[in-house]
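Listed below, chain by chain, are the residues.
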Amino acid sequence: MRIKALLIGATIFAAQKLLRLGLLLIAVAVFTFVLLSLSPIDPVKAYIGADMMQISPEQQALIAERWGLDQPIWSRFLDWLGQLLQGNMGTSLVFNQPVSQVIALRFQASLQMLAIAWFLSGLLGLGLGIIAGALQGRWIDRLIRLYAYTLASSPTFWVALLLLIVFAVSFKVAPICCAAPPGVLSGNVTFWQHLHHLLLPAVALSIIGIANITLHTRQKLIDVLHSDYVLFAQAQGESLWNIIRYHGFRNILLPAITLQFASLSELFGGSVLVEQVFAYPGLGEATVQAALRSDIPLLVGIVFFSALFVYTGNTLADLAYPLIDPRIQLGGQRSL
Amino acid sequence: MLSISNLGVTFTQYDQGLRRKQLAVITDLDLDVKAGEVVAVVGASGSGKSLLAHALLGILPENAALSGTMRFKGEILTPERCRALRGKTIALIPQSIGYLDPLMTVGGQVQRVAQLAGRAKAEASASVSKTFARYNLSETVRDRYPFQLSGGMARRVLVSTAVVTQAQLVIADEPTPGLHPDVVVETLNHLRELAVEGRGVILITHDIEAALQIADRVAVFYAGTTVEIAAAKDFLSGNLRHPYTQALWRSLPQNEFIPVPGNQPSPEQLPVGCLFSDRCDWVSETCTAERPQLRELRSGWVRCVHAKG
Ligand code: SF4
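Quick caveat: nothing in here was measured; it's all calculated off a predicted structure. (Residues numbered from 1 in each chain as written. Chains lettered and ligands numbered in written order. Predicted model: local features only at pLDDT ≥ 70, side-chain atom pairs only at ≥ 80, totals over all residues. Heavy atoms only, no water.)

**Student:** Is there a simple way to explain a nonpolar patch on the surface in this structure?
**Tutor:** Together, Phe157, Trp158, Leu161, Leu162, Ile165, Val166, Phe167, Val169, Phe171, Val173, Ile176 and Leu273 of chain A line one region of the surface with nonpolar side chains, adding up to about 1100 Å² of accessible area. No other element matches helix α7 (residues 156-170) of chain A, which puts 8 residues into the nonpolar patch. (Patch = residues over 30% accessible without salt bridge, like charges linked within 9 Å, V, L, I, M, F, W, Y side chains within 5 Å. Areas by Shrake-Rupley, 256 points an atom, 1.4 Å probe, with all protein chains shown as cover. Salt bridge = Lys/Arg side-chain N within 4 Å of Asp/Glu carboxyl O. Helix = DSSP H or I, 4+ residues; strand = E, 2+ residues; numbered from the N terminus.)

What follows is the structure, encoded as structure tokens:
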């Protein structure tokens, strides 16, 4: 009975998730297409750049025709959709490479940075939040909160620039840009060189997430510490740190995981700015180029891909819930 | 075993403008409990019943200040002593399943209570098994989560938390509301059994009827003070001393069902004299001049100047 109920739940869950994903992707694609068609940037001009004067209007028209830019937006959209269904995401105008290849390459570079930033912000945020929540009102709580509020209100690119100035310019312990030392072929980059170039952008990126996670964890822990079951634990003689260990941790884990996966989209957004500041050749940097030069296929591809990425993250979080909270079941029914 | 005299609990609060306010939530509370006895503490909400339990367990909020004396087995109960005894010698049976961690198995939690009471892991596990068996809870219940328990099971699990500690004083906080009548009887019998085994039991409740079924004595609280301590049989024999106890007794459905008019005074503006004076039919000038002392009367205790022998 139980197994069968679980199976049904899982099937409903999968069906719901897939349906929602489909709708989300269509919406994202339409939205991006419409936004870009309203953009004042002419892709042909953006492509040719400074050589514009030397190219005749006929040649420009030829380029436009070659790329299908003379077609109305809806026919370009249908075209693109048809190709996509066959697994072809189109060719990037900026990189002159298939979009899927550009994304794969750039994402590899970004992924490591995102992963480091994600773990760092999750661990530090959770740790700081627990300390602040447990010692609510003490000086250490005030210090952590001050730190979190300061971080939360400083723009990402500013933090990134500050780190760059301090560590790369003043102390010269970190490289000033890029993913590898200049003049070294990508095949010859050692692991340490790689990490060396990765670390500062990753730290800059993680700082965005920390403040949010810290403040949320702190609040949630305070709520838990004021609950009836913690009162009862105190009545049994449980100490504060053991209360956190046995009850606090369990009960803040669920919101923490939700937040951690939700922060993926923020990190993704943050990486656009951070990669720009550090000239790090990741997906974020490619996004900026694609947007500035009206590279519709690449931009839509990236938007598509990031939606998929964030959605997968959230689905993983959903899958983790029933493992932590037995009251939650897949497929939406909450038994009680 | 336990004797409390003139207990006072005052909360310090800051209202807007950072003015300090002292809220006397408990004033002159008296209670004594002997081993093997069930003492019911009855009173409306806000009468200080639950705060008494919190004071005994040392879990009052940080802004609370205590006065008066509490003695446990002859020794003065300081807040430090309370903290040392709780979970070992003094145990709480909480109000509802909401006092268990929703994300931890029932067995795990009761096991933890046993360990906190000073048992080693294996011994604690054995005592959980024994206690669960005693209360007809199968071994599979250990793996359940609180939300998976029926009302009756939940009550038995909560009683188990006190039994695995081997505490000598058990405080049961409002164990009966919202339960099926059969479960109420069962729960009360479990508490009675604990007393028969030699423990002292404090039954905190607003349900006089339930209290009378198992209590030896009843302490009636009003606005944070003990107005009367009577034997359970005094209720049926009409041997009640304090006008509030009498009014409370009359207000029961099977009696005259006349509600007691008025409300308890708020802790922000307690009268100088008797706390019950604004609702009392016998009030006189002596009553409002100063607080009446608790005095012995007809082998019980009463805090009223006009109660007669
Ligand atoms: S002391 Fe006076 S006011 Fe208070 S209960 Fe007794 S008679 Fe009533």
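So that's the structure; there's more coming.
**Student:** Help me understand the site of the ligand in this model?
**Tutor:** Residues in close proximity to the ligand include His242, Pro243, Cys274, Phe276, Ser277, Cys280, Trp282, Cys287, Pro292, Cys304, Val305 and His306 of chain B, which together make up its full environment. When the residues that make up the shell around the ligand are grouped by side-chain class, the tally is 9 nonpolar, 3 polar and no charged. (Near = heavy atom within 4 Å. Nonpolar A, V, L, I, M, F, W, Y, C, P; charged D, E, K, R; others polar.)

**Student:** Would you mind showing me how to read the sheet that holds strand β4 (residues 64-72) of chain B here?
**Tutor:** Strands pair in a sheet through their backbones, by hydrogen bonds, and they do so in one of two ways: parallel or antiparallel. Residues and elements named next belong to chain B. In space, the 4 strands of this open sheet follow the order β2-β1-β4-β5, with antiparallel pairing throughout. Each edge of the open sheet is held by one strand with a lone partner, namely β2 (19-33) and β5 (75-76). Taken together, the 2 bridges between β4 and β5 define a ladder with antiparallel strand orientation. Bridging across to β5, Phe72 finds its partner in Glu75. (Pairing = 2+ DSSP bridges.)

**Student:** Mind showing me how you'd approach the interface of chain B and chain A here?
**Tutor:** In many analyses, interface size is given as the accessible surface area lost on bringing the parts together. Taken together, the contacts link 21 residues of chain B with 20 residues of chain A. A per-residue breakdown of the area chain B buries against chain A is headed by Tyr99, Leu103 and Phe147 of chain B, which together make up 33% of the total. Linking Arg112 of chain B and Glu238 of chain A is a salt bridge whose minimum nitrogen-to-oxygen distance equals 2.7 Å. Seen at the junction of chain B and chain A, the total is 6 residue pairs in polar contact (both at pLDDT 80 or more). Breaking the side of chain B that touches chain A down by element, the ones donating at least two residues are α1 (49-57) and α3 (106-116) of chain B. A total of 4 residues in the side of chain B that touches chain A trace back to one element, the largest contributor, which is α3 of chain B. Counted by class, the side of chain B that touches chain A contains 13 nonpolar, 5 polar and 3 charged residues. (Contact = heavy atoms within 4.5 Å. Buried area = accessible area lost by both parts, 1.4 Å probe. Polar contact = N/O pair within 3.5 Å; in protein donor to acceptor, adjacent residues only side chain to side chain.)

**Student:** When you look at the sheet that holds strand β8 (residues 200-205) of chain B in this model, what are you seeing that I'm missing?
**Tutor:** Residues and elements named next belong to chain B. Strand order in the open sheet formed by 8 strands is β6-β7-β8-β3-β9-β10-β12-β11, and the pairing between neighbours is mixed. Edge strands, defined here as strands with exactly one partner in the open sheet, are β6 (90-93) and β11 (295-297). On average, each strand axis in the sheet is tilted by 25° relative to the strand beside it, whichever way the strands run. Direction of pairing for strand β9 (residues 217-222) relative to strand β10 (residues 225-231): antiparallel, over a ladder of 6 bridges. (Axes fitted to C-alpha atoms, helices over the stretch in contact; angles between N-to-C directions.)

**Student:** Any chance you could explain the packing of helix α5 (residues 151-163) of chain B against helix α6 (residues 181-196) of chain B here in plain terms?
**Tutor:** The relative placement of two packed helices comes down to the angle between their axes together with the axis-to-axis distance. Residues and elements named next belong to chain B. One can describe the packing of α5 onto α6 by two numbers: an axis separation of 10 Å at closest approach and a directional angle of 10°. Classed by the angle they form, the pair α5 and α6 counts as roughly parallel. Judged by residue contacts, Gly152, Arg155, Arg156, Val159 and Val163 of α5 engage Val183, Glu186, Thr187, His190 and Leu194 from α6. For the contact of α5 with α6, a count of residues per class yields 4 nonpolar, 3 polar and 3 charged. (Parallel < 35°, antiparallel > 145°, perpendicular 65-115°, else oblique.)

**Student:** What am I meant to see in the side chain of Thr245 of chain B here?
**Tutor:** Relative to the assigned elements, Thr245 of chain B resides in helix α9 (residues 243-250). Setting aside chain neighbours within four positions, we find Thr245 of chain B in contact with Val220, Val227, Glu228, Phe235 and Leu240 of chain B.

**Student:** What am I meant to see in the UniProt feature "transmembrane region" (unreviewed entry) in chain A here?
**Tutor:** Residues and elements named next belong to chain A. Residues annotated by UniProt as "transmembrane region" (unreviewed entry) correspond here to residues 21-41, 115-135, 147-171, 191-215 and 296-313. Helix makes up 100% of residues 191-215 and strand 0%, whereas the separation of the span's terminal C-alpha atoms amounts to 35 Å. As annotated, residues 296-313 comprises 100% helix and 0% strand, and the C-alpha atoms at either end are separated by 25 Å. (UniProt positions renumbered as here; feature names shortened; annotations may be inferred.)

**Student:** What is the right way to read the packing of helix α6 (residues 139-152) of chain A against helix α8 (residues 191-225) of chain A from this model?
**Tutor:** Residue and element names in this part refer to chain A. Packing of α6 against α8 leaves a shortest axis separation of 8 Å and a crossing angle of 135°. One way to sum up the angle between α6 and α8 is to call them oblique. With respect to the hand of their crossing, α6 and α8 are arranged in left-handed fashion. Only Ile207, Ala211, Thr214, Leu215 and Arg218 of α8 make contact with α6, whose side of the interface consists of Asp141, Ile144, Arg145, Ala148, Tyr149, Leu151 and Ala152. For the contact of α6 with α8, the per-class residue count stands at 8 nonpolar, 1 polar and 3 charged. (Left-handed = near helix turned anticlockwise from the far one by under 90°.)

**Student:** Looking at this structure, how should I read the environment of Gly273 of chain B?
**Tutor:** Considering the arrangement of structural elements, one finds Gly273 of chain B in the loop between α9 and α10 (285-289). For Gly273 of chain B, the contacting residues outside a window of four places in its chain are Cys287, Thr288, Ala289, Glu290, Arg291 and Pro292 of chain B.

**Student:** Even after reading the chapter, I still don't get the domain arrangement of chain B, so can you show me in this structure?
**Tutor:** Residue and element names in this part refer to chain B. You can read the domains of chain B as domain 1 (2-89 + 168-302) and domain 2 (104-166). Summarising the inter-unit geometry, the C-alpha centres of domain 1 and domain 2 are found 29 Å apart. Residue-level contacts link 14 residues of domain 1 with 12 residues of domain 2. Each partner contributes to the roughly 1100 Å² buried at the junction of domain 1 and domain 2, and carbon and sulfur atoms together form 56% of this total. Run the count over domain 1 and domain 2 and you get 3 salt bridges. Between Arg156 and Glu186 there is a salt bridge; the shortest N-O distance is 3.4 Å. If one sorts the elements of the side of domain 1 that touches domain 2 by residue count, α6 sits on top with 6 residues. Partitioning the side of domain 1 that touches domain 2 into residue classes produces 5 nonpolar, 4 polar and 5 charged. (Domains from an automatic or database assignment.)

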